[in-house]
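# Topology and contacts: notes
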Amino acid sequence: MKKKILVIAISSLFMSSFAQSATIYKKANGDRLDIYGGAEIGGTIVTKRDKSPFGDKSKSYVDDSFGTIGIKGQTNKFYAKLEIDAERTDWTYENNFRLVIDKAYVGYFLTDKQTVEFGRTDTAYDHYDAFGDFSNQLADEVSEAGDQDNTIKYRGEFGDLKVGISYSAKGWDFEQDAQSIYDENGVFLKKKRGSYITDSREGEVINGYAGYFTNNLTVIAAAETVHNRGELYSLHGKYKINKFAIGGFTSYSDRDGVNKNSMTYVLSGSYDITSQLTGYVVGNVYDDDNNDKDDQHVVIGTQYMYAKNVKLVAEAAMGGNTGTLGYLKAYYWF
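The notes below deal with the structure included here. (Residues numbered from 1 in each chain as written. Predicted model: local features only at pLDDT ≥ 70, side-chain atom pairs only at ≥ 80, totals over all residues. Heavy atoms only, no water.)

## Some details on unusual backbone geometry
Phi at Asn 76 takes a positive value of approximately 55°, unusual for a residue other than glycine. Along the chain, the position of Asn 76 falls in the loop between strand 4 (66-75) and strand 5 (78-88). (Helix = DSSP H or I, 4+ residues; strand = E, 2+ residues; numbered from the N terminus.)

Following this line, the structure appears as structure tokens:
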């Protein structure tokens, strides 16, 4: 599952000359400082608690709210960003909020359409890992590395072609120490797993993408390798004509862990009911060597764009191993 809609929306604002962010100051030579942020309020409704993908099996509603605040500045061709997230740890029993540094990097404009960044930032693959999936939360996804520490990234546009590549060294935020848990009689029960302060957990990562982008058709190929763990590949596409759109992706993972030798297939269709209301259907198939992990489910949903920076979402996933899931959320960003 993913918490990327708000992130993608905020990123798109900065790709359009800091649109809608609040400007702290702006000089005639182009130097500026902006503040931006947003919130997702809502969560997931679980019908089969014993098969819930979340930590607390006693809940039928799992709060998945999320907030972010950031500051971005630019001086001549240099720019920098610091972004802090408040997110629910919905994969743990407590489901508490935690604060994490999501972004902390410096960038440089090589040209108007070419940039290089260094620091804690999205890997190149992370910008398009969900492309072709029209859902907001409940569809399958590509399990690429995401944000990583010590990352150097290049992105460029050449007409209809967009490319990106990044390299990430080992991150700093995995708590290695495991805590032993005992019962009231002093009998050892288990080791409490280490936790991640952020999600920079993959270690040495190289990934990238190349895509062909037009008004109606987009096709993207992406790949990732993680040192001593394996590779990941995906192909994404979207075609839009009038009020209809079709999209999807397929991915293959040869990475050690739960996604070893797995294939993911996602096919999306959408229809613009009005200029603000869109309905969509997403089919999902997950297949790997461990047959009890195979899964097929369908997502049906709607999203209403109340304004350019306000979105209301309702969707449901049916037919999967976790039973029927519902999802309700309001998104706001500036």
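## Description of the pairing of strand 4
Counting buried positions along strand 4 yields 7 of 10 residues, so the element is predominantly enclosed. Pairing of strand 2 (residues 32-46) with strand 4, which is carried by 9 bridges, proceeds in the antiparallel orientation. Along strand 4, the bridge assignment pairs Glu 40 with Phe 66. Bridging between strand 4 and strand 5 involves 10 bridges; their strand directions are antiparallel. Of the residues in strand 5, the one forming a bridge with Thr 75 is Phe 78. The loop that links strand 4 with its antiparallel partner strand 5 comprises 2 residues; one of these, Asn 76, has a positive phi angle of about 55°. (Buried < 20%, exposed > 50% of the residue type's maximum accessible area, 1.4 Å probe, protein only. Pairing = 2+ DSSP bridges.)

## Some points on the pattern of salt bridges
As enumerated under the stated definition, the model contains 11 salt bridges in all. Of the charged contacts in the structure, one is a salt bridge between Lys 329 and Asp 64, with a shortest N-O distance of 3.4 Å. Of this pair, Lys 329 sits in strand 20 (residues 325-333) while Asp 64 sits in the loop between strand 3 (61-63) and strand 4, placing them 265 residues apart in sequence. A residue is classified by how much of its surface remains accessible, and Lys 329, at 4% relative accessible area, is buried. The class for Asp 64 is buried, based on a relative accessible area of 0%. The shortest N-O distance in the salt bridge between Arg 120 and Asp 149 comes to 2.9 Å. (Salt bridge = Lys/Arg side-chain N within 4 Å of Asp/Glu carboxyl O.)

## Considerations on the nonpolar core
One broad rule of soluble globular proteins: the nonpolar side chains tend to lie buried together. Within the largest apolar cluster, 27 residues are counted, with the highest numbers of intra-cluster contacts made by Tyr 128, Leu 138, Tyr 209, Ile 220, Tyr 280, Val 282 and Val 299. At the level of elements, strand 12 (205-213), strand 13 (217-226), strand 15 (244-253), strand 17 (277-288), strand 19 (310-318) and strand 20 are the ones that each hand at least two residues to this core. At 4 residues, the largest contribution of residues to this core is made by strand 20. What Val 299 contacts, discounting residues up to four positions off in sequence, is Ser 135, Leu 138, Ala 139, Tyr 280, Val 281, Val 282, Asn 284, Glu 315, Ala 316 and Ala 317. (Core = buried A, V, L, I, M, F, W, Y, C linked by side-chain atoms within 4.5 Å. Contact = heavy atoms within 4.5 Å.)

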